[in-house]
Amino acid sequence: MSSSPPGPAAANPSDIEDLTTGSSAPPVREMTLEESLGSQLRLLRRQADLRGGDVAHTAGISLSMLSKIENGQISPSLSTLQAVCRALNVPLSQLFSTFEEQRDCSFVRSGQGVVIERRGTKAGHEYQLLGHLLGGALVVEPYLITLHEDAQPYTNFRHNGVELIYMLSGRVVYRHDTDTYEMGPGDTLLFDSGSPHGPEKLLEKPMTYLSIIAYPRSAD
């Protein structure tokens, strides 16, 4: 009797559980109740365009106390939470209804990013913002940058955080601090964006590249 060829081995459940992405980022930590309430209060205050000192004064608490509440460092009493909610003109129940944390997501269709055209020394530098997240400890700004035929070199960009550039088309000599890099399609540059940087020689125009800037979100 002939035996049929063995089929594919069944996946071991433990092997499936071990599958992760290539990222070395730590696992997601669920927010405590205090952190969730504080995050929601901070978001509501910013949406109302109110300063922390003004909310604290109206609520009858110190600015230090409000800061600790917003950062989830203390467990405030219900009366304190109610006073802060009154200062923000929102019902107390709204805070608890959002305890189940929601994760931000931004979707932008092709060609529908917010376009920012650089003027003056940076004329011809077109920035298309590809997404925006409202919360989280980190601000991430993804741009599709196009340098048109009338674009001029500019190497004095400086800002907080780190930046990644991925070339899509064209060729450029890109400067970071005292070093330069000739870049073409598929090349990547990752750097501390606190140092002066920018395109020094525009070898082949027009050119496009993806720029992703990340920096800590301000506490206020």
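A short tour of the structure in this document, coming up. From a predicted model like this one, the values you see are computed outputs, not experimental measurements. (Residues numbered from 1 in each chain as written. Predicted model: local features only at pLDDT ≥ 70, side-chain atom pairs only at ≥ 80, totals over all residues. Heavy atoms only, no water.)

### As for the overall build of the chain
Next, step 1: Along its length, the chain carries six helices and seven strands.
Next, step 2: From first element to last, N terminus to C terminus, the chain shows the α and β order α-α-α-α-α-α-β-β-β-β-β-β-β.
Next, step 3: Partitioning the intrachain contacts of the chain with sequence separation of at least 6 by distance along the chain shows that 65% fall at a separation of at least 24.
Next, step 4: Roughly 14200 Å² of accessible area belongs to the chain as shown, and the carbon and sulfur atoms make up 53% of that amount. (Helix = DSSP H or I, 4+ residues; strand = E, 2+ residues; numbered from the N terminus. Contact = heavy atoms within 4.5 Å. Areas by Shrake-Rupley, 256 points an atom, 1.4 Å probe, with all protein chains shown as cover.)

### Re the pairing of strand β7 (residues 197-216)
Next, step 1: As defined by bridge partners, strand β3 (residues 138-147) adjoins β7 across ten bridges and the pair is classed as antiparallel. Note that in β7 the partner of Ile-145 across the bridge is Tyr-209.
Next, step 2: Alignment of strand β4 (residues 162-176) against β7, held across 13 bridges, turns out to be antiparallel. Residue pairing across strands places Ser-169 opposite Thr-208, the latter belonging to β7. (Pairing = 2+ DSSP bridges.)

### Overview of the pattern of salt bridges
Next, step 1: In this structure the tally under the stated criterion is three salt bridges.
Next, step 2: In this structure, Arg-45 and Glu-70 form a salt bridge, with 2.7 Å as the shortest nitrogen-oxygen distance. Of the two residues, Arg-45 is situated in helix α2 (residues 33-47) and Glu-70 in helix α4 (residues 63-70); the sequence distance between them amounts to 25 residues.
Next, step 3: With relative accessibility at 3%, the residue Arg-45 sits in the buried group.
Next, step 4: Overall, the relative accessible area of 6% leaves Glu-70 in the buried class.
Next, step 5: Among the salt bridges present, the one from Glu-182 reaches Arg-171, with a minimum N-O distance of 3.6 Å. Of this pair, Glu-182 sits in strand β5 (residues 179-183) while Arg-171 sits in strand β4, placing them eleven residues apart in sequence.
Next, step 6: Exposure remark for Glu-182: the relative accessible area of 51% places this residue in the exposed category. (Salt bridge = Lys/Arg side-chain N within 4 Å of Asp/Glu carboxyl O. Buried < 20%, exposed > 50% of the residue type's maximum accessible area, 1.4 Å probe, protein only.)

### A few points about the environment of Leu-168
Next, step 1: With respect to the helices, strands and loops of the structure, Leu-168 is situated in strand β4.
Next, step 2: Classification of Leu-168 by relative accessible area gives partly exposed; the value is 41%.
Next, step 3: As a C-alpha pair, Leu-168 and Leu-144 span 24 residues in sequence and 9.5 Å in three-dimensional space.
Next, step 4: When neighbours within four sequence positions are excluded, Leu-168 is seen to be in contact with Leu-144, Pro-185, Thr-208, Tyr-209 and Leu-210.

### Notes on the environment of Pro-216
Next, step 1: With respect to the secondary-structure elements, Pro-216 resides in strand β7.
Next, step 2: Linking Pro-216 and Leu-138, residues 78 residues apart in sequence, is a C-alpha distance of 4.6 Å.

### With respect to the side chain of Arg-42
Next, step 1: Within the secondary structure layout, Arg-42 lies in helix α2.
Next, step 2: Despite being buried, Arg-42 has no salt bridge partner; Glu-70 is the closest side chain of opposite charge, sitting 4.7 Å away.
Next, step 3: Here Glu-70 takes part through its backbone oxygen, which lies 2.6 Å from a polar atom of the side chain of Arg-42. (Lys, Arg positive; Asp, Glu negative; His and termini not counted. Polar contact = N/O pair within 3.5 Å; in protein donor to acceptor, adjacent residues only side chain to side chain.)

### Examining helix α3 (residues 52-59)
Next, step 1: Burial in α3 covers these residues: Gly-52, Val-55, Ala-56 and Ala-59. When α3 is viewed along its axis, its buried side chains cluster within an angular range of 100 degrees and face the same direction. Relative to its buried face, α3 has exposed residues pointing more than 90 degrees away, namely His-57 and Thr-58.
Next, step 2: Backbone geometry just downstream of α3 places Gly-60 in the positive-phi region, at approximately 80 degrees. (Arc of directions from axis to C-beta.)

### Some thoughts on the nonpolar core
Next, step 1: Ranked by internal contacts, the top residues of the largest apolar core, which has 19 residues, are Leu-147, Tyr-174, Met-183 and Tyr-209.
Next, step 2: When residues of this core are traced back to their parent elements, those giving at least two are β2 (125-129), β3, β4, β6 (188-192) and β7.
Next, step 3: In this view, Leu-147 contacts Gly-124, His-125, Pro-199, Leu-202, Lys-205, Pro-206, Met-207 and Tyr-209; residues no more than four positions away in its chain are not counted.
Next, step 4: Listed in part, the 17 residues of the second largest apolar core include Leu-37, Leu-41, Val-84 and Leu-95. (Core = buried A, V, L, I, M, F, W, Y, C linked by side-chain atoms within 4.5 Å.)

### Here we look at the packing of α2 against helix α5 (residues 78-88)
Next, step 1: The interhelical angle for the contact between α2 and α5, taken along N-to-C directions, is 20 degrees, at an axis separation of 10 Å. In this view, α2 runs roughly parallel relative to α5, as classed from their interaxial angle. Regarding α2 and α5, the two cross each other, and that crossing is left-handed. Across the interface between the two elements, Leu-37, Leu-41, Leu-44 and Arg-45 from α2 touch Leu-81, Val-84, Cys-85 and Leu-88 from α5. (Axes fitted to C-alpha atoms, helices over the stretch in contact; angles between N-to-C directions. Parallel < 35°, antiparallel > 145°, perpendicular 65-115°, else oblique. Left-handed = near helix turned anticlockwise from the far one by under 90°.)

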